[in-house]
Amino acid sequence: EDPEKVFFITAKTQNSKLWFINNNTLQEYMRAFLAKYQEELGVIIHGFVIMGNHYHLLARFPRSNKAAFKRNFH
């Protein structure tokens, strides 16, 4: 894990179900957990977008803790 690199992370929902469409509550939870783990783990978020059945994240991990972030956030 290179603390200087920006990583592109994508994760899909189970069975590619469209969990995020018209589900503002779930989207709010996603953003809240992203903010929580960003602060706790010192992650630098460059971009985040929620799609119908997946999300995209651009982030840098100065503390070399990408695995811990992904484990907690997923």
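Residues numbered from 1 in each chain as written. Predicted model: local features only at pLDDT ≥ 70, side-chain atom pairs only at ≥ 80, totals over all residues. Heavy atoms only, no water.

## Examining the packing of aromatic side chains
Working definition: an aromatic ring pair is given by the centre-to-centre distance plus the angle between the planes. What the rule picks out here adds up to 7 aromatic pairs. With a centroid separation of 5.4 Å and an interplanar angle of 75°, the aromatic rings of Tyr 55 and Phe 73 are classed as edge-to-face. With Tyr 55 in strand S3 (residues 54-60) and Phe 73 in helix H2 (residues 66-73), this pair connects stretches of sequence that are 18 residues apart. Classification of Phe 73 as buried rests on a relative accessible area of 9%. When the ring of Phe 61 is compared with that of Phe 69, the centres are 5.6 Å apart and the planes differ by 55°; the resulting orientation is tilted. The rings of Phe 7, Phe 48, Tyr 55, Phe 61, Phe 69 and Phe 73 are connected pair by pair, giving a single aromatic cluster. (Phe/Tyr/Trp six-rings, centres within 6.5 Å; stacked < 30°, edge-to-face > 60°. Helix = DSSP H or I, 4+ residues; strand = E, 2+ residues; numbered from the N terminus. Buried < 20%, exposed > 50% of the residue type's maximum accessible area, 1.4 Å probe, protein only.)

## What about the sheet that holds strand S2 (residues 44-50)?
Strand order in the open sheet formed by 3 strands is S1-S3-S2, and the pairing between neighbours is antiparallel. What marks the edges here is a single partner per strand, and that holds for strand S1 (6-12) and S2. When strand polarity is set aside, the average angle formed by the axes of neighbouring strands in this sheet is 15°. Where S1 lies against S3, 7 bridges are found, and the strand directions are antiparallel. If you follow Phe 8 over to S3, its bridge partner there is Leu 58. (Pairing = 2+ DSSP bridges. Axes fitted to C-alpha atoms, helices over the stretch in contact; angles between N-to-C directions.)

## What about unusual backbone geometry?
Positive phi, normally seen in glycine, also occurs at Asn 15, with a value near 55°. Positive phi, normally seen in glycine, also occurs at Asn 22, with a value near 55°. Along the chain, Asn 22 turns up in the loop between S1 and helix H1 (24-41).

All we've got here are geometric facts, nothing functional implied.
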